[in-house]
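# Reading the structure
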Amino acid sequence: MRTCDLFDKYRDGEASVAERNEYEGHLAACEACRTRFSMLDNLVHALRAEEIRPLDRADRIAREAFRRAHSWDYEVISWLRPGPAMTALVLALVLFASLWMVTGDQQVSAYSEYETLMNEADTLNIGTRLQQAGSDNEIMVWLEEEGTSSD
Amino acid sequence: MVDSADSALIESTLNGDEWAFAELVRRYQAAVWGTVHRILGNSAENEDAVQEVFLRAYTALRKFNLEMPFGPWILRITTNYCIDQLRRKKGRRTQLWSELSEYDQQRLLKDLSQDLDWESTGMEVTESYARVARVLLDGLNPKYRAAFVLREIEERAYNEVAKLLGTSEVAARVRVSRARVELQKKFRAYLSGLQRKERK
């Protein structure tokens, strides 16, 4: 590590005694570090010295807060504001779920319809029974039987 | 530490007592005002910024954990708001380099690069130094700027800076360090520009 890299540690008062001695020796020789240090010290000093005159606006702020709290548009905004990303996510999920339900339903119904037809065909064993039937009369008898058994 | 008086004021506010909220604002408005001023600079818009911070706090008050101190919470809202403002309004510059007088540009910049005797420096000159400091701060990334102000100007510990910025201590240290490097780069750039001008 270069001695110049000890700058932050030294400035934050976190350098060990050995590091502090090393850096202080380095400061005497390194103009860049010296300028950097002085510049920051001066900037910080000047900014800390700025006079800040806070105004007492407590009553006005409280009045405004309560006024807004009773307006419907603020209710909506305040609901949205804490997490626009969260709101967007929820909306996206709702949209995705509705799309999935619409397209998913179609897939399910098409598939289940096919399944039902296959099951019915298996139950009735239509193909086999038709091949086994010798005449139209036999078929009619069988269909009548199926009709009464399903009733 | 939790201030029981703060908790009582918050509870009363939530029960619809406007006076209680005004009292809560009165307790913390100076701190909020200070942070707004230090991060955003001295501007006529600071009054609106302070109001907006408290309005946001009021909106989120139901979510506030009464077992936690109110001060860091309101200052975190303040810091977030200021960073947000700096991002949105890149034009919100309190001071431009070109707006500084010739005197400020030539003398102050040179002065700032050496050890100054602040005790013998008058208020007017100090204000001029602050103007140069604002020019340099205005050019920083908002996150670095906020971290720098909290650490260097407000002298907060890194763990506190991290909490106010809603980040890790390591990230807070990195931001402060980068802010220092950026400030030095800008300072050097202005100084060398000035020297080039003088040579001509």
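For the structure itself, consult the block above.
In this report, we go over the structure that sits alongside the text. Treat the numbers as computed from the prediction; the structure is a model and nothing was measured.

## Brief notes about the overall build of chain B
Summing up its helical and strand segments, chain B has nine helices and zero strands in all. Counting from the amino terminus, chain B carries its helices and strands in the arrangement α-α-α-α-α-α-α-α-α. Expressed along its principal axes, the backbone C-alpha trace of chain B runs to roughly 70 × 35 × 35 Å. When each of the 200 residues of chain B is scored for burial, the buried share is 36%. Sequence-distant contacts in chain B: of pairs separated by 6 or more residues, those separated by 24 or more amount to 68%.

## Thoughts on the interface of chain B and chain A
In this assembly, 37 residues from chain B lie in contact with 32 residues from chain A. Contributions of two or more residues to the side of chain B that touches chain A are made by helix H2 (18–40), helix H3 (46–60), helix H6 (123–138), helix H7 (142–153) and helix H9 (169–199) of chain B. A breakdown of the residues in the side of chain B that touches chain A according to their chemical character gives 20 nonpolar, 10 polar and seven charged.

## Re unusual backbone geometry
Residues and elements named next belong to chain B. You will see that Glu 155, though not glycine, has its phi angle at about 55°, which is positive. Relative to the assigned elements, Glu 155 resides in the loop between H7 and helix H8 (158–165). Of the residues examined, Glu 155 has 10 C-beta atoms within 10 Å and is grouped as exposed.

## Focus: the nonpolar core
Note that soluble globular proteins tend to have their nonpolar side chains buried in a common cluster. Leu 43 of chain A together with Ala 133 and Ala 147 of chain B are the most contacted members of the largest nonpolar core, which totals 61 residues. It is H2 of chain B that contributes the most residues to this core, 10 residues altogether. Once residues within four sequence positions are removed from consideration, Leu 43 of chain A is found in contact with Leu 112, Ala 133, Leu 136 and Leu 183 of chain B.

## Some thoughts on the packing of H3 of chain B against helix H4 (residues 70–88) of chain B
A pair of packed helices is characterised by two quantities: the angle between their axes and the separation of those axes. Residue and element names in this part refer to chain B. It is at 9 Å that the axes of H3 and H4 come closest, and there the two elements cross at 125°. With respect to each other, H3 and H4 are oriented oblique. Along this stretch, H3 crosses H4, giving a crossing that reads as right-handed. Note on element contacts: H4 touches H3 through Ile 74, Ile 77, Thr 78, Tyr 81 and Gln 85, opposite Ala 49, Glu 52, Val 53, Arg 56 and Ala 57. Considered class by class, the residues forming the contact of H3 with H4 number six nonpolar, two polar and two charged.

## Things to note about the packing of helix H4 (residues 58–69) of chain A against H3 of chain B
Packing of H4 of chain A against H3 of chain B brings their axes to within 10 Å, and their N-to-C directions diverge by 45°. The orientation of H4 of chain A relative to H3 of chain B falls into the category oblique. The element H4 of chain A and its partner H3 of chain B pack so that their crossing is right-handed. Contacts from Ile 61, Glu 64, Ala 65 and Arg 68 of chain A in H4 of chain A reach Gln 51, Phe 54, Leu 55 and Tyr 58 of chain B in H3 of chain B. Residue composition of the contact of H4 of chain A with H3 of chain B, grouped by class: five nonpolar, one polar and two charged.

The rules we used
Residues numbered from 1 in each chain as written. Chains lettered and ligands numbered in written order. Predicted model: local features only at pLDDT ≥ 70, side-chain atom pairs only at ≥ 80, totals over all residues. Helix = DSSP H or I, 4+ residues; strand = E, 2+ residues; numbered from the N terminus. Buried ≥ 20, exposed ≤ 12 C-beta atoms within 10 Å, placed from the backbone. Contact = placed C-beta atoms within 7 Å. Nonpolar A, V, L, I, M, F, W, Y, C, P; charged D, E, K, R; others polar. Core = buried A, V, L, I, M, F, W, Y, C linked by C-beta atoms within 7 Å. Axes fitted to C-alpha atoms, helices over the stretch in contact; angles between N-to-C directions. Parallel < 35°, antiparallel > 145°, perpendicular 65-115°, else oblique. Left-handed = near helix turned anticlockwise from the far one by under 90°.

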